[in-house]
Amino acid sequence: MAHPKKQSIPAPLEAHLGFWLRFVSNHVSIRFAQLLEEKGVTVTEWVALRTLWSQAETTHARLIDALGMTKGAASKVVSRLEEKGLAARQLAEGSARAQSLALTAAGKTLVPQLAALADANDAHFFGHLTAAERRALTQAMQALVQHHQLKDLPTA
């Protein structure tokens, strides 16, 4: 007669590092999304604005890569930014068809304000940690990104 296999007792949720990463990440992300919403911007739009801020102008392809989205989804983000007067499409230099993207004056003014919200959100959640603890946490997260070759930016 075969003996039934004894099942191991599953570890509690709180025993998993992934649980704690998700728990903290959700709270950090939700609060930041609320802060951005007060300025009329979504997290995805913030990532697009910050990406555009880094360059005088960029192509749709570069923005799509930065956002980790499909062409259609990225185009919708750009359209929303245009409707809000924060970004503009124009013909790329030397091209009759290709478009480039750039921030408008309003977009250039808004990005530093949104960056200050990101800084304030970080301070809210991580300000009680020492500089060494924040550095160690950042380095641990960066090591995970590198080890797993994670590419897509968190936009949602």
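Rules and cut-offs
Residues numbered from 1 in each chain as written. Predicted model: local features only at pLDDT ≥ 70, side-chain atom pairs only at ≥ 80, totals over all residues. Heavy atoms only, no water. Helix = DSSP H or I, 4+ residues; strand = E, 2+ residues; numbered from the N terminus. Buried < 20%, exposed > 50% of the residue type's maximum accessible area, 1.4 Å probe, protein only. Pairing = 2+ DSSP bridges. pLDDT = per-residue confidence, 0-100.

**Structural notes on unusual backbone geometry**
Glycine aside, negative phi is the norm for most residues, and most peptide bonds take the trans geometry. Backbone geometry at Gln-149 places phi at a positive 50°, although glycine is not the residue there. Structurally, Gln-149 can be placed in the segment after α6 (131-147).

**Considering the pairing of strand β3 (residues 99-103)**
The element β3 is largely enclosed, with a buried count of four among its five residues. Sheet topology note: the strand β1 (residues 58-59)/β3 ladder contains two bridges and is antiparallel. In the strand pairing of β3, Thr-58 is matched with Leu-101. Pairing of strand β2 (residues 87-91) with β3 involves five bridges; the strand directions are antiparallel. Residue pairing for β3: Gln-90 is matched across the bridge by Ser-100.

**Quick word on the confidence of the model for the protein**
Summing up the model confidence of the protein, the mean pLDDT is 90 and the portion of residues at 70 or higher is 92%. Model confidence for the protein, summarised as mean pLDDT per element, is weakest for helix α3 (residues 60-67) at 81 and strongest for helix α5 (residues 105-126) at 97.

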